[in-house]
Amino acid sequence: MSLFDYTLKELQEKLHKKEITITDLVDASYERINEVDDQVHAFLTLNEEGAREKANELEKLAHEQDNLLFGIPAGIKDNLVTKGLRTTCASQLLDNFNDPLYNATVVDRLEDKNTVTIGKLNMDEFAMGSSNENSSYAATRNPWNTDYVPGGSSGGSAAAVAANEVFFSLGSDTGGSIRQPAAFCGVVGLKPTYGLVSRFGLVAFASSLDQVGPITRTVEDNAHVLQAIAGHDKMDSTSANLEVPNYSDAFKEDVKGLKIAVPKEYLQEGIDPEVKESVLQALKVYEDLGATWEEVSLPHSKYAVAAYYLLSSSEASANLARFDGVRYGVRSENATNMLDMFKLSRSEGFGDEVKRRIMLGTFALSSGYYDAYYKKAQKVRTLIKDDFEKVFEDYDVIIGPTTPTPAFKVGEIIDDPLTMYANDILTIPVNLAGVPGMSLPCGFSSEGLPIGLQIIGKHFDETTIYRTAYAFEQATDHHKKRPTLGGAK
Amino acid sequence: MSEISKEQVKHVAHLARLAITDEEVETMTKQLGDIINYATLLNELDTEDVKPTTHVLDLKNVMRKDEPRKWIEKEDALKNAPDVKDGQFRVPSILE
């Protein structure tokens, strides 16, 4: 058995009994990275020196028995700033951003728990993309089959967990960027309720949609990481000032009597038959466990992708205005005046997808088009949000697939933006409504690629998502399968 | 709603402070046109009486006292900058 087969709780027991040391865990991470990351490309920057130093410091401390994250090696998505550790957002524009001045709040909270940061994880540039092919460094590959994409934009975060390079990771999710790669890589990813987790120090993409969340191998591990990062932060005025529940309570209760809603729009045409079959099998498992499910409708689902691209691109066009080649980042050497410096630095630094979205957003916000595009999309967002609220009057959770298909091949749809966007059709509505959503493994395609089950909950009701997910995980063994890439140890 | 013209693409690129080549104008006009055309799907919906959602949570403006506090030192603020002179960010000339 590899150290990566243990849950966080089991690892803490081993640390406590001194069967293993924190250095063993850190060694296991870097050994595995050396072994497989030239195939997976999950990491952009490693923190080996810092991590080993931290491990040595932690070895001197008494084991913190109640802290399930004590000494655990973690990977951080590269759009979360890390003090003194290079942060690029996978963009050439930030290629030289080697010395960030502070930690994102979520990174500070992990450090408070004495985790060990192994390195920064690859992603689609500025979190724009669904395949990691928009990384300006190397496209991350799916550990289950390296001809396939890992999903995106948190593709590095999901692949690193699936490939046993770290024990957990943080990602960010604006339209599916945690859940879709979690589905493609066969791991557990949660997008928390908007406002539950601080966004301070997350390089902003679309501020009304972005959330940071954990990617783990098991549901229980996921809850332990969320517990550490959730809660109000005065540095983020959109973070909710609410008491954070004890998510472990979710594991004390079964799902007898749980009322599940299954949106018919999530199982109709366009959903791969194997994906649909896996979801129906999962619903059978829930029936056997004493839950009930009924078909419902989220009638405005088909408008979500269009509304999302207008809103998220508009917000991105404003947020990415800060990259001007003055205070940080790469400046073009070809400019002789100020305006050209802005234009050339941005054009040379940003990749195609980022430019496309900045252009779309600038257009949607421009004089004469604002009402027709931006405001219209905001109104449609209200209708989509109302769809969810109506269903949640009668049901505890909504269940469906995370993605219409399993992972697609590298290069297959990169030249077709609209087809790429359609990949997020089942995850985007969740961000628009601001509710929490999780993806967990629920089967494999005939080609051996993972399939994700999406569980959507009410605002701030992550506990019910964990309870629902845990019951399924305990009853099945999909989460125990690991990719054999490079010969798993 | 009509799709986007090449002239509009050039104008939007200027507003967004992006320099784009003639070749990029061609591809952008096509790709943005496709996306904007797709977005006209939203016109199927009557939203006359619907309130726009800017934010999903019922949050009001969050105020704090406007007090000076310690944040980052000037030297730190300058250390990631591409060009610095006399403790300040240096940029090319603004006036010709």
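The paragraphs below set out a description of the structure included in this document. Nothing here was measured: the structure is a model prediction, and the numbers come from that model. Starting from 1, residues in each chain are numbered consecutively following that chain's sequence as written. For this description, chains carry letters from A and ligands carry numbers from 1, given in the order in which they are written. Given that the model is predicted, a residue must reach a pLDDT of at least 70 before its local features are reported, and side-chain atom pairs must reach 80 or more before they are shown or counted; all residues, however, enter totals for whole chains, interfaces and linings. Side-chain descriptors were evaluated using all non-hydrogen atoms of the structure, hydrogens and water having been removed beforehand.

1. Regarding the overall build of chain B
Helix numbers and strand numbers start at the N terminus; a helix is a DSSP run of H or I with at least 4 residues, a strand a run of E with at least 2. Helix and strand counts for chain B stand at 3 helices and 2 strands. Traced from its N-terminal end to its C-terminal end, chain B shows the element sequence α-α-α-β-β. Here the globule rule reads 2.2 Å times residues to the power 0.38, and the radius of gyration is calculated from C-alpha atoms. The globule rule puts the C-alpha radius of gyration for 96 residues at 12 Å, and the 22 Å found for chain B is more than 25% above it. Judged by the C-alpha coordinates and their principal axes, chain B covers about 55 × 45 × 20 Å. Throughout, a contact is declared for two residues whenever any of their heavy atoms are within 4.5 Å. At a minimum sequence separation of 6, the contacts of chain B that also span at least 24 residues come to 33%. Carbon and sulfur atoms make up 49% of the accessible area of chain B, which totals about 7,200 Å². His is not counted, nor are the chain ends; Lys and Arg add positive charge and Asp and Glu add negative charge. For the purpose of locating charges, the reference atoms are NZ of Lys, CZ of Arg, CG of Asp and CD of Glu. Here chain B contributes 14 positive and 20 negative side-chain charges, whose respective centroids are spaced 10 Å apart. All accessible areas in this document rest on Shrake-Rupley with a 1.4 Å probe, and a residue is counted as covered only by the protein chains that are shown.

2. A word on the packing of helix α9 (residues 304–319) of chain A against helix α11 (residues 352–365) of chain A
All names here are of chain A. It is the contact of α9 with α11, at a shortest axis distance of 7 Å, that shows an interaxial angle of 100 degrees. Relative to α11, α9 is oriented roughly perpendicular. Mapping the contact onto sequence places Tyr309, Leu310, Ser313, Ser314 and Ser317 in α9 and Arg357, Ile358, Leu360, Gly361, Thr362, Ala364 and Leu365 in α11. When the residues that make up the contact of α9 with α11 are grouped by side-chain class, the tally is 6 nonpolar, 5 polar and 1 charged. Every angle, taken between N-to-C directions, lies between 0 and 180 degrees, and every axis is a line fitted to C-alpha atoms, over only the stretch in contact when it is a helix. Working rule for angles: under 35 degrees goes down as roughly parallel, over 145 as roughly antiparallel, 65 to 115 as roughly perpendicular, anything else as oblique. Throughout, the ten residues Ala, Val, Leu, Ile, Met, Phe, Trp, Tyr, Cys and Pro are labelled nonpolar, Asp, Glu, Lys and Arg are labelled charged, and all others, Gly among them, are labelled polar.

3. Some details on a nonpolar patch on the surface
A cluster of nonpolar residues, Tyr102 of chain A together with Trp71 and Ile72 of chain B, forms a patch on the protein surface that exposes about 290 Å² of accessible area. Within the secondary structure, Trp71 of chain B is located in the loop between α2 (22–39) and α3 (74–78). Exposed residues in this analysis have more than 50% of their type's maximum accessible area, buried residues have under 20%, and partly exposed residues fall in between, with area computed by a 1.4 Å probe over protein chains only. A relative accessible area of 48% means that Trp71 of chain B is categorised as partly exposed. Each patch is built from residues that are more than 30% exposed by relative accessible area and take part in no salt bridge. Like charges join if they lie within 9 Å; nonpolar side chains (Val, Leu, Ile, Met, Phe, Trp, Tyr) join within 5 Å. Each reported salt bridge corresponds to a side-chain nitrogen of Lys or Arg within 4 Å of a carboxyl oxygen of Asp or Glu.

4. Considerations on empty space enclosed by the protein
Cavities and pockets are found on a 1 Å grid laid over the protein atoms alone: a cavity is a set of points where a 1.4 Å probe fits but cannot escape, a pocket is an open set with protein on both sides within 12 Å along at least five of seven lines, and a lining residue has an atom within 4 Å of such a point. Grid points are joined across faces, edges and corners, and a volume is the space filled by probe spheres set on the points. Enumeration over the complete set of coordinates arrives at 2 cavities of 30 Å³ or more. Estimates place the volume of the largest cavity at around 70 Å³. Residue lining of the largest cavity: 13 residues in total, with Ala127, Gly129, Ser177, Tyr308 and Asp424 of chain A positioned closest to the centre. Estimates place the volume of the second largest cavity at around 40 Å³. Val305, Ala306, Tyr309, Leu310, Leu418 and Tyr421 of chain A together with Ile35, Tyr38 and Ala39 of chain B together form the lining of the second largest cavity. Breaking the lining of the second largest cavity down by element, the ones donating at least two residues are α9 and α13 (417–422) of chain A together with α2 of chain B. Looking at the lining of the second largest cavity element by element, the count peaks at 4 residues for α9 of chain A.

5. Brief notes about the sheet that holds strand β3 (residues 116–121) of chain A
All names here are of chain A. When DSSP locates at least two bridges between a pair of strands, those strands are taken to pair. Ordered by their spatial adjacency, 11 strands build an open sheet running β1-β3-β2-β4-β6-β5-β10-β11-β9-β7-β8, and the pairing between neighbours is mixed. The strands lining the two open edges of the sheet, one partner per strand, are β1 (43–46) and β8 (292–296). Within the sheet, the average angular offset between the axes of one strand and its neighbour, ignoring direction, is 30 degrees. With 3 bridges joining them, strand β5 (residues 188–191) and strand β10 (residues 437–444) adopt antiparallel strand pairing. Note on β10: the bridge partner recorded for Leu190 is Met438. Contacts from helix α4 (residues 105–112) reach β2 (73–77), β3, β4 (168–173) and β6 (211–216) within the one sheet, and its direction differs from that of β4 by about 160 degrees. Those strands touched by helix α5 (residues 155–162) are β1, β2, β3, β4 and β6, and its axis lies near 155 degrees from that of β4.

6. Some points on the pairing of β10 of chain A
Residue and element names in this part refer to chain A. Counted residue by residue, β10 has 7 buried out of 8 residues, so it is predominantly covered. In the sheet, β10 pairs with strand β11 (residues 450–456) via 7 bridges, with the strands oriented antiparallel. Within the sheet, the bridge partner assigned to Ser439 lies in β11 and is Gln454. Here β10 folds back onto β11, and the loop between the two strands holds 5 residues, one of which, Gly448, carries a positive phi near 85 degrees.

7. Looking at the packing of aromatic side chains
All names here are of chain A. Between 30 and 60 degrees the pair is tilted, below 30 it is stacked and above 60 it is edge-to-face, where a pair is any two Phe, Tyr or Trp rings, Trp via its six-membered ring, whose centres lie within 6.5 Å. Scanning the entire structure with this criterion turns up 21 aromatic pairs over all chains. Geometrically, the ring pair formed by Trp144 and Phe444 is tilted, given 5.1 Å between the ring centres and 55 degrees between the ring planes. Taken as a pair, Trp144 in the loop between β3 and α5 and Phe444 in strand β10 lie far apart in primary sequence, 300 residues in all. Classification of Trp144 as buried rests on a relative accessible area of 19%. Phe444 sits in the partly exposed class, given a relative accessible area of 23%. Taking 5.3 Å as the distance between ring centres and 45 degrees as the angle between the ring planes, the aromatic pair formed by Tyr370 and Tyr374 counts as tilted. Of this pair, Tyr370 and Tyr374 both sit in helix α12 (residues 370–392), separated by 4 residues, roughly a single helical turn.

8. Comments concerning the interface of chain B and chain A
Opposite the 57 residues of chain B that make contact, chain A presents 65 residues. Interface area for chain B against chain A, summed over the two sides, is near 5,500 Å², with a carbon-plus-sulfur share of 70%. For the chain B face of the interface with chain A, the top three residues by lost area are Leu42, Val56 and Asn80 of chain B, together amounting to 13%. With a shortest N-O distance of 3.3 Å, Lys355 of chain A and Glu24 of chain B are connected by a salt bridge. Within 3.5 Å is the distance limit for a polar contact, defined as a pair of N or O atoms, with the added protein rule that one can donate a hydrogen and the other accept it, and that residues adjacent in sequence qualify only through two side-chain atoms. Here chain B is connected to chain A by 20 residue pairs in polar contact (both at pLDDT 80 or more). Contributions of two or more residues to the side of chain B that touches chain A are made by α1 (6–15), α2 and α3 of chain B. Ranked by residue count, the leading element in the side of chain B that touches chain A is α2 of chain B, at 9 residues. Buried area adds together the accessible area that both of two parts lose upon being put together, with accessible area traced by a 1.4 Å probe.

9. Looking at the layout of surface pockets
Residue and element names in this part refer to chain A. Considering only enclosed or pocket space, the largest pocket measures out at about 730 Å³ in volume. What lines the largest pocket is a set of 24 residues, and nearest its centre among them are Val81, Tyr102, Gly201, Arg322 and Tyr328. For the lining of the largest pocket, the class distribution of residues is 17 nonpolar, 2 polar and 5 charged.

10. Examining the side chain of Thr216 of chain A
Residue and element names in this part refer to chain A. Within the fold, Thr216 resides in strand β6. In this structure the side chain of Thr216 is engaged in a polar contact, spanning 2.8 Å, whose partner is the backbone oxygen of Thr218. Separated by 3.1 Å, the side chains of Thr216 and Asn222 make a polar contact. Setting aside residues no more than four positions away along its own chain, Thr216 makes contact with Val161, Phe168, Val187, Val188, Asp221, Asn222 and Val225.

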